[in-house]
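# Structural characterization, general
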Amino acid sequence: MHNTGIPYNDPSGDRLRAWLGLERDVFYDEARVSIIPMGFCFPGYDEAGADKPPRPECVRAWHDRLFAAAPRFELVLVIGGYAHRYHLKGRNRKSVSETVQAWKDYGPIHIPLPHPSWRNNAWLKKNPWFESELLPHLRARVADLLS
C-alpha cells in the first residue's frame, strides 16, 4: 500500500473486502465508499514491527477536519484500537476484543472491527463469533446501503 498510495492494497485489504462482501471495483468506488485513515500519514513501525500510533498532529490536521466537513455517514467501520478510541469517544471497552464483541452497542452507524491484518489471525481463531455473528450482519448492512 505504501508503494502504490492505494489504501488496503494488500492482503489486509483482501481480507477487509471479503469481510464486507465487496469486490475491489466497488470498494474503490469513491462515490460509494470512503476510506478515511486516522492520520493520513504513515507513522512508521515500533520496535516490535507493529504500526506506531497515529500522529496526533496528523489526526487533528486531517481526520478531525474531514469529519467536521463531511456529510453524515450512514455507516462507519471503526477499524482497530486507535479508531475505536477516537470514534467511540470513551464508549469503547478496555480492549479491542471487548469493543468488537460489544459491536451491537455501537450501531447502527458505528461497527468496530479488528484490523484485518494477518497479525490478527490468532485473534480471529479465538473469536469464532466474529465470523458467525458480526460478519453476516456487516455484509447485510453494507449490501443494503449500497443497493
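Residues numbered from 1 in each chain as written. Predicted model: local features only at pLDDT ≥ 70, side-chain atom pairs only at ≥ 80, totals over all residues. Heavy atoms only, no water.

Tallying each qualifying case throughout the model produces 3 salt bridges. The salt bridge involving Asp14 is made with Arg17; its shortest N-O contact spans 2.6 Å. One end of the pair is Asp14 and the other is Arg17, both in helix 1 (residues 11-20) and 3 residues apart, which spans about a single turn. The class of Asp14 is partly exposed, set by a relative accessible area of 47%. Taking relative accessible area as the criterion, Arg17 reaches 5% and is therefore assigned buried. Among the salt bridges present, the one from Arg55 reaches Glu57, with a minimum N-O distance of 2.7 Å. With relative accessibility at 37%, the residue Arg55 sits in the partly exposed group. Here Glu57 falls in the partly exposed class, since its relative accessible area comes to 36%. (Salt bridge = Lys/Arg side-chain N within 4 Å of Asp/Glu carboxyl O. Helix = DSSP H or I, 4+ residues; strand = E, 2+ residues; numbered from the N terminus. Buried < 20%, exposed > 50% of the residue type's maximum accessible area, 1.4 Å probe, protein only.)

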